[in-house]
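Read off the chains here:
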Amino acid sequence: MNRTKKHFRLFAVLLLGGLLFSSCEEIEKLDRETRERNLKNLQEWVVNSTTSQEAINQFGYEKCFTITTIGEYYWTDFMNYYAGDKSVITKDQLAAVRSLFYDKQMMDPIKIGEIICNKSISSDLLDIFRKLYEARYSITELMPVGIATYERVTEDVNAYYGPTFSFQYMGDNVILAHVKGLAVVLNPGTPPTAGDLAVKLFKEHGFTWGGDEPGGKAYYFEKK
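Residues numbered from 1 in each chain as written. Predicted model: local features only at pLDDT ≥ 70, side-chain atom pairs only at ≥ 80, totals over all residues. Heavy atoms only, no water.

1. A look at the overall build of the protein chain
When helices and strands are counted, the protein chain shows seven helices and seven strands. The order of α-helices and β-strands along the protein chain, N terminus first, is α-β-α-β-α-β-β-α-α-α-β-α-β-β. The buried share among the 224 residues of the protein chain stands at 44%. Long-range pairs, those at least 24 residues apart, make up 59% of the contacts in the protein chain with a sequence separation of at least 6. For the protein chain, the accessible surface area stands at approximately 12500 Å², while carbon and sulfur atoms represent 54% of it. (Helix = DSSP H or I, 4+ residues; strand = E, 2+ residues; numbered from the N terminus. Buried < 20%, exposed > 50% of the residue type's maximum accessible area, 1.4 Å probe, protein only. Contact = heavy atoms within 4.5 Å. Areas by Shrake-Rupley, 256 points an atom, 1.4 Å probe, with all protein chains shown as cover.)

2. With respect to the side chain of Thr164
If you trace the backbone, Thr164 turns up in the loop between α5 (150-153) and α6 (176-179). Setting aside residues no more than four positions away along its own chain, Thr164 makes contact with Ile115, Phe129, Ile139, Glu141, Leu142, Met143, Val184, Val185, Leu186, Asn187 and Pro188.

3. What about the environment of Gly189?
Looking at where Gly189 falls in the secondary structure, it is placed in the loop between β5 (183-184) and α7 (197-204). With relative accessibility at 11%, the residue Gly189 sits in the buried group. Distance from Gly189 to Thr140, taken between C-alpha atoms, is 8.8 Å for residues 49 residues apart in sequence.

4. Overview of helix α3 (residues 72-81)
Along α3, the positions that sit buried rather than exposed are Tyr74, Trp75, Asp77 and Phe78. Viewed along the axis of α3, the buried residues span an arc of 155 degrees, placing them on a single side of the element. On the buried face of α3, the contacting elements are β3 (94-102), β4 (110-118) and α6. (Arc of directions from axis to C-beta.)

What is shown is where atoms sit, not what they do.
Put into structure tokens, the structure is as follows:
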């Protein structure tokens, strides 16, 4: 009987050890896959995906804040769907600003962002969004607005936690400054308030802010 108990205990220990070893292997595999995915998201610049400080260190911090050309997809959308005078903006007048950002609505992960704007304000936005990132300022989304997102961003800003955007050309009452990529809406669902870091940075770069207007109806930033 005692020998049987010893054998049973030995079997249980071996079984438990095997399970723990298997679990450790699975955890290591998941960690490795997550690390690889975080780096790949940066390498392919997957907008609105998450990444990590480890991946940023591998990829290169400076490469996370750049100005590049806009995707053909968004220009094609503009030509197909904008109902106004398409001559007010040309593709070569636009640029895509790429920046990391923190999304505190999603437990504070580091996320990958991009915003299409007029080239004349691209350097301003690059500096602003970089400083907001370094201050861990929360941005819900930072992504180009196309056919897949325009209905959301044209809803009542108090009802939707939508993307921060600049170049926007869809809907019934599109603001011309958005078509030209000269206006920026930051956190539509929770716009910044007076004294906010974002308001301070935008004003330092020569933008006006709708929150200063009587009634504060339009909370977007604009540079003329």
